Amino acid sequence: MTNRPVRAHPYMPNSNRAAHDELMSETGVKSMESLFQQIPADHRISASIDLPPALTSEVSLSRHMHEILSKNVSCEDAVSFLGGGCWRHYVPAVCEEVMGRSEFLTSVWGTPSSDVGRNQAWFEFQSQLGELLALDMVGLPVYSWGCAAGHAIRMASRMTERFEVLVPRYMSPERRSVIENYCEPEEMPSAIRVVEFGVDPDTGCADLADIKDKLSDRTAAIYLENPGFLGVIEQNAAAIGDLAHQAGAELIVGVDPVSLGVLAPPSDYGADIVVGSIQPLGIRMYCGGGLGGFIASRDEERYAREYPTLMISIAETEREGEVAFGNSLFAQCSYGSREEGKDWTGNSVYLWAIGSAVYMSLLGPEGFRELGETILQRAHYCAAQLAEIPGVEVSHSGWFKEFTVNFDGSGKSVSAINEGLRRRGVFGGLDLSGAFPELGESALYCVTEMHTEDDIQHLATALKEVCAQ
Amino acid sequence: MTTSTKMRRYQAPVWDEPVIMETGAPGRRGQLFPAGEGAFASAGTTESLVPKGMQRKSAPALPENSEPDVLRHYLHLSQETLGMMGVNLFGTCTMKYNPRVSEKITARPYVADIHPDQHEDTMQGALEVIHRFDAIMRELSGMDQFVFQAAGGADAAYTQACVTRAYFAAKGELSQRNQIITSIQSHPCNPATAAAAGFEVITLPLEEDGYPSLDALKAAVSDRTAALMINNPDDMGVYNPEIKEWVRVVHEAGGLCFYDHANFNGVMGKIRARELGFDACMFMLHKTFGVPKGGGGPAVGAYGCTAELAPFMPGPLVTEKDGHYSLDDSSDVSTGRVREYLGNVHQVIKAYAWTRAMGAEGLDEACNISVLLNNYMEKRLLKIRGVTRSHPEGEAWRMEMTRYSLGKLFEDTGVTVFDVQNRMVDFGVDAFWLSHEPWVVPEPFTPEAGEMWSKEDIDYWIDVLAQISDEAYSDPEKVKSAPHNQAKAKLKGETLDDPERWATTWRAYKRKWGV
C-alpha cells in the first residue's frame, strides 16, 4: 500500500490525517485496510500501482499538458480543407460561454424541477432542430451521425420486420463502418444485410436504375445522404423516396443541418426518418470529440415507439399554467427495459445539445439562410480557383460545401499532393483514393464560412506549386 | 432523530423563462454572416447554386433574437439548473471534482481545432496523450491494450459485444456461441448492448448474500456461452468474493469475461481486472477519472483487453516508435468502428490530466476516502427513522456505495422515494439516485460519497434526509407536495406517455395542445 500524501490534495477535502482520524473514529473503523475486508486477499494487486509521478500543483500540470499538446498543429495554425464527417464551422462565443457554465457542465440527472433549466435547453434543442427539419419528433442526441444512422436503420428493420438496407456506394468510410457494426454480422439472427446502391461517379448522384434493381420485399429502408458524401445535392431524392415507399420500405435521409437554411428539408421529399450530425451546430472539432448525432421523424406512434434515445417532452406541472420538461417513452429505453428496450442508451453528448440549442437560437431563420449562402459562395469560389490549375479538375456540379477534386491530370497522388500542401501550411482535402479507387486520385475538399479569400489564395498558390513540381 | 446542523435557507432562482420559441421579434439577429462580400459574390447566389427543386421553400420557424437576448436566456436556464451546485452524491455516477484547468487546456486550438483526419505528424500531441493514458489504464487494469473510441460506458459495453462477435466469428463459432450472461444487478447497458449486438441474454438472480450463486452460473454456462458481462462490486456496495471462480467457470465453458468497472472508485488501485482473470474491462472516464458529466456526455468508455483480444478491437489504435506516434488500423479481424474516429479525444485529455494530478498515491487516497465516507454515511443514515439497507445481515464494511430502502418510511407515512427526491432539492441538495431497474428493495436510494465532498457536506446531506424523515412522520403532505423552493413545481407525468399529448418539439406541442 502506498503512503498517504503528506499535503492535502486540492481535489480532496478529507485527504489529511485529522480528517481520516475523525472519520475513522466516528465510524468505528480501526484501519483503512480493514474497510476492504470484502475483497479476498488473493484478489488484491500483486504489485503496487506504478504511475508517473503526481503533478499535484496546477502550475506543473498545466505546463506539462501544454508541452505535450503544443506539438499539435491545429486548423487555426494551418489552412484546412478537411471535412467528410467533422467540419470546421464558426462557433459563436455565446455557445461556449453557455456550455462552459458549471451548472450545465457538471450536472448529472436531477429532477424535472431542480434541473428544469437544463431540461428546457434540451427541449429547445429538439424544438429548433424540429423547425429546421420540419419534423415534429426529435430525440436527444446520440453519439454521432454514424450511430444515429445505425439506430435509424434498426428502427426501420423493427418496423418493417425486414432485414436489408440499401446504402450509397459513396459514404464516409468511418460512418459506413459504424453502420455495418450496428447492422450486425450475418451470423446473428437479427442481422441487417447492407446492400450498396450505385452512385454515378460522373454526376455524384444516386443511380436510380440500380436502386430499383436492388429494392425488394426484403428492403427495410433506403439510406440516402443529402448532400451526398462527394458533396453533391441529390436531385432525385423525391423519386428515391417514392421507390422506397412503393416497396414498403422507409426512406432514411442523412443530412447536414447547416445546409438547411438553403436546402429543402428531407421531409419535403419523403424522408420518414432523418439523421445527421449536430457537430456543425456550434461544436468545435476536438479531434473528433465534437461529434454528435440526431434522429428525427414524424410524430407517429409507429416511429415514436422505436426510438432508442431519451426524449424530452413538455408537460404541465402542479402549478396552474406552468410547464416543465420530463422524459417521454422512458420505459422503452434500455434504462427502463434492459435487453427488451430499443437498442440501448446511456451517456451521450447532451452538453452538445445545449451548445446546438444556443447556436440555432443565435442564427434564427435568416442566419441559417445567410450562412448557407455564405458557404455556397465560398465553396464555389474556391472550386473555380482550383479548376484553373493545370492537372486539377473539380469532378461535379451542384454541391453544397464539399466537392470532389481530381488530380489524375497532375500525375501525382493525393498523398503526395497533401504532403506538399502540408509543407506549405495547408491541410488538403480528405484522400478518397484508398476507399474509392475508381475515383482515381481524388480528394474531398470542404470550404465553410471560416475560409477567407486569402485562405483560398493560399491553397491555390500552394497547389499550383505542388502540381508543377 | 433530530438534525445536528442548521439547515441553510435555500431558494432556487426563479426566472419564469419562456421557451425560446416564444421569444424574439421579426428581424432581430443574433449572428450575421458575410454573404455576398468581396470576391465571393462572383460565385453566384443560392438561387443559382442550388438546383431549383432542392431549394428551401419556406424559412424554418426559428425564434429571432439578438445576441444578448440569447445569452441571457441561457444564463437564466443555467441558473435554473441545480446540478452539482449544492451537494451531489448521485450514486453509480461517482460525482467528482472536474478540474477547470482541463477545461481551459482543451478549449485551446491545439485541442479544439484539430480535425481527426489530419496527418498524424500534425497531431503528435493528442496521440501522445492517448498513448500515455493507455499506459496508465494498462497499469491500473493489467490489460494489454486500450482504445477510447466508445463514447460512453454503454458504448464500451457495446464494444465488448462487438469484440466478442469478431472473436468468435474468427474462430467460426459465432453461430453457436450466441449467449451472454449477466446478473440482475449489472447496469442495464450490459444486457441491452448484448441484445442489440444480436446475443441472447441470460440474467442471473441475486441470492441472499447480495450476488448470484456460483451454482446458477454453472447451470447457465454451456458451449453456447459467448461472454460474461459483470460489474463488481455491484451498485449495493457488495463485492462478489467468488468472482475469480466465476471467471474460471466461464473460461472453462469457452466464453470471454468482461469486467464492467463502472464502480471502480471503491477498488481503484486495490485489484486489477486482468489478475482476476478477466479478458477485458471498461473504465468510465466521465465518472472515475474526473471528466465532467455534461448532463450526460460527451463521455468515454475506456475499453481494455488482453493481447489475444486486441486484434478484434475497434481501430485505429495509437502506437509509438522512437518517440513518434502513429495510428494503426491494420487488423483485418477488427470489429470496425463502434463510433467514428478516435472517440471523445478532449475527454481523454482531461482524464489524463486528472490522473496525473492525482498520481498513484492520490488514486489510493481517493479510493480509501470514498469507502470510508460511505461507511461513515451508512452509520449515520441507518439511524434515521424509516431508512434500512439492502442485505442488512451482511457484517462487512460496504464498498463505496450502499443500497438503502425507504420502504419502511413509505409503509409508515405513504411518502415515496420520489417524494423524498423532490423534497431534497428544496434544500439545494441534488436528488439522490434510486436504483436501476428492476428494484431489488422497495423505495430504493443509492448515495455515493466519493472523495470530493468534505465531511461538512456529507453531514449536511445526511441532515437534510433526517429532516425530511421527520417531516414525513409529522407532516407528510409537506414532502408529498414538494418541491417548494424550486424554479418549478412538480411535473405532472401523466401526459408524457400519451401519444395525443406528448410533445418533444414546440411544433408538436402547438399542434397537440392548441397553444
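In this text the structure is predicted, and so the values were computed from the model without any measurement. (Residues numbered from 1 in each chain as written. Chains lettered and ligands numbered in written order. Predicted model: local features only at pLDDT ≥ 70, side-chain atom pairs only at ≥ 80, totals over all residues. Heavy atoms only, no water.)

The number of helices and strands found in chain A is 14 helices and 15 strands. Across its three principal axes, chain A shows a C-alpha extent of roughly 80 × 55 × 50 Å. Counting the 469 residues in chain A, one finds 67% classified as buried. The long-range share in chain A, meaning contacts at least 24 apart out of those at least 6 apart in sequence, stands at 71%. Accessible surface, chain A: about 14,700 Å² in total, of which carbon and sulfur atoms supply 47%. Between the centroid of the 35 positive side chains of chain A and the centroid of its 65 negative side chains there is a distance of 6 Å. (Helix = DSSP H or I, 4+ residues; strand = E, 2+ residues; numbered from the N terminus. Buried < 20%, exposed > 50% of the residue type's maximum accessible area, 1.4 Å probe, protein only. Contact = heavy atoms within 4.5 Å. Areas by Shrake-Rupley, 256 points an atom, 1.4 Å probe, with all protein chains shown as cover. Lys, Arg positive; Asp, Glu negative; His and termini not counted. Charge placed at Lys NZ, Arg CZ, Asp CG, Glu CD.)

Residues and elements named next belong to chain A. The seven strands lie next to each other as β2-β8-β7-β6-β5-β3-β4, forming an open sheet whose pairing is mixed. In this open sheet, the two strands that pair with only one neighbour each are β2 (137-138) and β4 (193-197). Sheet analysis places β2 next to strand β8 (residues 293-297), joined by two bridges and oriented antiparallel. The partner of Val138 across the bridge, within β8, is Ala296. This element, helix α6 (residues 145-160), spans β3 (164-168), β5 (219-226), β6 (250-255), β7 (273-277) and β8 of the sheet and lies at about 165 degrees to β7. (Pairing = 2+ DSSP bridges. Axes fitted to C-alpha atoms, helices over the stretch in contact; angles between N-to-C directions.)

Another point: the packing of helix α2 (residues 58-69) of chain A against helix α5 (residues 124-141) of chain B. Two elements in contact, α2(A) and α5(B), have axes separated by 7 Å at closest approach and are oriented at 120 degrees. Overall, the two elements α2(A) and α5(B) adopt an arrangement that is oblique. Seen from α2(A), the contacting residues are A:His64, A:Ile68 and A:Leu69; seen from α5(B), they are B:Gly125, B:Ala126, B:Glu128, B:Val129 and B:Arg132. Across the contact of α2(A) with α5(B), the residue classes tally to four nonpolar, two polar and two charged. (Parallel < 35°, antiparallel > 145°, perpendicular 65-115°, else oblique. Nonpolar A, V, L, I, M, F, W, Y, C, P; charged D, E, K, R; others polar.)

Below, the discussion takes up the domain arrangement of chain A. All names here are of chain A. Domain parsing of chain A yields domain 1 (79-87 + 365-468) and domain 2 (93-360). Distance from the C-alpha centre of domain 1 to the C-alpha centre of domain 2: 28 Å. Broken down residue by residue, the surface that domain 1 buries against domain 2 is led by Trp87, Phe368 and Phe400, which jointly contribute 30%. Its salt-bridge partner being Asp256, residue Lys401 comes within 2.7 Å of it at the nearest N-O pair. (Domains from an automatic or database assignment. Buried area = accessible area lost by both parts, 1.4 Å probe. Salt bridge = Lys/Arg side-chain N within 4 Å of Asp/Glu carboxyl O.)

Before going further, it helps to spend a moment on the sheet that holds strand β12 (residues 444-445) of chain B. Residue and element names in this part refer to chain B. The sheet built from three strands is open, its strands ordered β10-β11-β12 with antiparallel pairing. Edge positions in the sheet fall to β10 (388-389) and β12, since each of these pairs with one other strand and no more. As paired elements, strand β11 (residues 404-405) and β12 share two bridges and run antiparallel to each other. Counted as the bridge partner of Ser405 is Pro444 from β12.

Moving on, we come to the interface of chain A and chain B. At the junction of the two partners, chain A supplies 207 residues and chain B supplies 217 residues. If you look at where chain A meets chain B, you find 13 salt bridges. The partner of B:Arg507 in a salt bridge is A:Asp136, with the nearest N and O atoms 2.8 Å apart. On the surface where chain A and chain B come into contact, there are 108 residue pairs in polar contact (both at pLDDT 80 or more). No other element matches the 24 residues that helix α12 (residues 350-387) of chain A contributes to the side of chain A that touches chain B. Looking at the side of chain A that touches chain B residue by residue, the class counts come to 97 nonpolar, 67 polar and 43 charged. (Polar contact = N/O pair within 3.5 Å; in protein donor to acceptor, adjacent residues only side chain to side chain.)

Residues B:Leu285 and B:Trp461 are the most contacted members of the largest nonpolar core, which totals 237 residues. When residues in this core are grouped by element, the largest group, 20 residues, is from helix α10 (residues 345-381) of chain B. Here this core spans two domains, and each of domain 1 (79-87 + 365-468) and domain 2 (93-360) of chain A adds at least three residues to it. Grouped together as the second largest cluster of nonpolar side chains are 75 residues, A:Ile179, A:Met311, B:Ala226 and B:Ala310 included. (Core = buried A, V, L, I, M, F, W, Y, C linked by side-chain atoms within 4.5 Å.)

Per the stated rule, a full pass over the model turns up 62 salt bridges over all chains. The partner of A:Arg193 in a salt bridge is A:Glu164, with the nearest N and O atoms 2.8 Å apart. With A:Arg193 in strand β4 and A:Glu164 in strand β3, the pair connects residues that are 29 residues apart, well separated along the chain. Residues joined in a network through salt bridges with shared partners are A:Glu22, A:Glu26, B:Arg380, B:Lys455, B:Asp459 and B:Asp463.

Attention now goes to the packing of aromatic side chains. Here the structure, examined in full by the defined rule, presents 37 aromatic pairs over all chains. Between the aromatic rings of B:Phe133 and B:Phe289, the centroid separation amounts to 6.0 Å while the plane-to-plane angle is 85 degrees, which identifies the pairing as edge-to-face. Taken together, the residues span a long stretch of sequence, with B:Phe133 in helix α5 and B:Phe289 in the loop between β6 (280-284) and β7 (301-305) at a distance of 156 residues. Summarising the burial analysis for this pair, B:Phe133 and B:Phe289 share the class buried. Here the aromatic rings of B:Tyr167 and B:Phe168 are separated by 4.9 Å at their centres, their planes lie at 75 degrees, and the arrangement is edge-to-face. Taking relative accessible area as the criterion, B:Tyr167 reaches 9% and is therefore assigned buried. Following the ring pairs from residue to residue traces out a cluster consisting of B:Phe133, B:Phe146, B:Phe148, B:Phe264, B:Phe283, B:Phe289 and B:Trp354. Between the NZ or CZ atom of A:Arg175 and the centre of the ring of A:Trp145, over which it lies, the distance is 3.6 Å. Against the face of B:Tyr460 rests B:Arg8, its NZ or CZ located 5.4 Å from the ring centre. (Phe/Tyr/Trp six-rings, centres within 6.5 Å; stacked < 30°, edge-to-face > 60°. Lys NZ or Arg CZ within 6 Å of the ring centre and 35° of its normal.)

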